[in-house]
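Working through the structure, step by step
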Amino acid sequence: TRHLNMYFVALTKSNVNPALVFEYLFQKIRVLKAYLGEDFDENSMRNNMTLIYELMDETMDFGYPQNCAVDVLRLYINLGNVKPQDEPEPQQLTKQITGAIDWRREGIRYKKNEVYIDVLESVNLLISSTGGILRSEVTGRVQMNTKLTGMPECKFGLNDKLVIEKESAAGRKKPGVEIDDCTFHRCVRLGKFDADRTITFIPPDGEFELMRYRVNDNVNLPFRLIPAVQEESQTKCSINLKVIANFSDKLFATHVVIKIPVPKNTSKSKIKNSFGRAKYEPEQNAIVWRIKRFPGTAECMLSADMELVRLVRPKAWDRPPINVEFQVPMFTASGVHVRFLRVYDKAGYHTNRWVRYITKAGGYQIKI
């Protein structure tokens, strides 16, 4: 792996898992960034050889990666820019160095116990000029911000199709979503997930990414676009576009930007649109239509007539796709939603839970 002009390499005597080696190198760079700064260079490495030897000693033993958690390392290796938050008791320090849970320290206290959950999805779509869907998928991630006292255990549940099917066999019938390619934060107990698809973990304190996932089937597309392009002659071209919002009228989309490509030899344009602001931007070779707030189930139209400069050597227009950007709060294109979050702790305190959903455009393109 490479950082600036330096290469980090690993030597091995036997045939080891290359993914393990790469992960250790990436974690090593992350630790060095925490101690030496984001842009550490050769001079920083030379001037801190004692620190680097200490970090090597703690992060690897006999060729096996050990503790690579910055939060724990800074408790007892206090050099460079990293400073310990609180001086730990010697007994607590021993537990954290040798214990399995190195992402959370003991003795955390909050007056109000709260958990914030953000389900963030990105929709990738490619539609052919005839209206057929060539590619549609949703990539999502679950971000959490935990403010919990002690060492609680959490159980987190989504409307996973496999879990729903088990419950439907017991008499409950609810729709589920087929979730693929799940990757988790290292705090999640993978054995329990493999056994019964339950996500069980002791969360880190503060913000972290719990999981990532992908959904390919039954994607709810937030917007439907119907373009019509007519090249009337070498000097005239017209574009009509209808946009339909496919989500509930109780919701709305924000920061909607639709980039409609036009021929490079366009000289003038006459644009009419039902709402929002549309403008021909020559540097992008496109009409850029911006809508601050797009209500659910609404329809809007845009029509544009372009005057083209006659070319000496006429060349066919390659017609790039229409690109759409948007953000829809409290909507998931995949249909994924949080079913429950249970917090178990010895103290038995009450926890406030907050869930937010946001869907935005990834590569949302319509060929014309």
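The notes below deal with the structure included here. (Residues numbered from 1 in each chain as written. Predicted model: local features only at pLDDT ≥ 70, side-chain atom pairs only at ≥ 80, totals over all residues. Heavy atoms only, no water.)

**What to know about the side chain of T332**
Counted only if it meets this: Secondary structure is summarised from DSSP: a helix means a run of H or I of at least four residues, a strand means a run of E of at least two, and numbering begins at the N terminus for each. Relative accessibility under 20% of the residue-type maximum defines a buried residue, over 50% an exposed one, and the middle range a partly exposed one, all with a 1.4 Å probe and only protein chains included. Two N or O atoms count as a polar contact when they lie within 3.5 Å, although within protein this holds only if one can serve as hydrogen donor and the other as acceptor, and sequence-adjacent residues are included solely when both atoms are side-chain atoms. The contact criterion used throughout is that any non-hydrogen atoms of two residues lie within 4.5 Å.
Tracing the backbone shows T332 in the loop between strand 18 (322-329) and strand 19 (338-344). The exposure class of T332 is buried, given its relative accessible area of 13%. In terms of polar contacts, T332 uses its side chain to reach the backbone carbonyl oxygen of V336, at 3.1 Å. Once residues lying within four places of it in the same chain are set aside, the contact partners of T332 are V119, E121, N220, Y357 and T359.

**Let's talk about the sheet that holds strand 18**
To keep it simple, the criterion reads: Only strands joined by at least two bridges in the DSSP assignment are considered to pair. Note on method: axes are straight lines fitted to C-alpha atoms, helices fitted across the in-contact stretch only, with angles between N-to-C directions ranging 0 to 180 degrees.
One open sheet accounts for nine strands, arranged 8-10-6-5-20-18-13-16-15; its pairing is mixed. One side of each edge strand has no neighbouring strand; the edge strands of this open sheet are strand 8 (180-184) and strand 15 (277-281). This sheet shows a mean twist of 15° between the axes of neighbouring strands, independent of strand direction. Here strand 13 (residues 252-261) runs beside strand 16 (residues 286-295); their pairing, made up of nine bridges, is antiparallel. By the bridge assignment for strand 16, F252 is matched with P295.

**Points about helix 1 (residues 18-36)**
Our working rule: Expected span of a helix: the number of residues minus one, times 1.5 Å.
Taking 1.5 Å per residue as the helical rise, helix 1 with its 19 residues ought to reach 27 Å, and the 27 Å between its terminal C-alpha atoms agrees with that figure. In this structure, the buried residues of helix 1 make contact with strand 1 (2-3), helix 2 (42-47), helix 3 (49-59), strand 3 (60-61), strand 4 (64-65) and helix 4 (70-76). The opening residue of helix 1 is N17, an N-cap whose side-chain oxygen sits 3.0 Å from the backbone nitrogen of A19. Following helix 1 by one or two positions, G37 adopts a phi angle in the positive range, close to 105°.

**Overview of the nonpolar core**
One broad trend across soluble globular proteins is that nonpolar side chains are buried collectively. Stated precisely, the cut-off is as follows: What makes a nonpolar core is a set of buried Ala, Val, Leu, Ile, Met, Phe, Trp, Tyr and Cys residues whose side-chain atoms join them at distances within 4.5 Å.
Formed by 72 residues in total, the largest nonpolar core has its most connected members in F156, F201, L210, F223, I258, F294 and Y364. The element contributing the most residues to this core is strand 5 (residues 114-127), with six residues. Setting aside its immediate chain neighbours within four residues, I258 contacts L225, L241, V243, I287, V288, W289, I322, N323 and V324. Grouped together as the second largest cluster of nonpolar side chains are 16 residues, I29, L55, V70 and I77 included.

**Focus on the packing of helix 1 against helix 3**
Rules: Roughly parallel covers angles under 35 degrees, roughly antiparallel covers those over 145, roughly perpendicular covers 65 to 115, and oblique covers all other angles. Throughout, a crossing is termed right-handed when the near helix is turned clockwise from the far one, and left-handed when it is turned anticlockwise from it by less than a right angle. Residues are grouped as follows: Ala, Val, Leu, Ile, Met, Phe, Trp, Tyr, Cys and Pro are nonpolar; Asp, Glu, Lys and Arg are charged; all remaining types, including Gly, are polar.
Two numbers describe how helix 1 lies on helix 3: the axes approach to 12 Å, and their chain directions differ by 140°. Between helix 1 and helix 3, the angle falls in the class oblique. For the pair helix 1 and helix 3, the sense of crossing is right-handed. From helix 1, Y24, K28, V31, L32, Y35 and L36 reach across to helix 3, where they touch L51, I52, L55, M56 and T59. When the residues that make up the contact of helix 1 with helix 3 are grouped by side-chain class, the tally is nine nonpolar, one polar and one charged.

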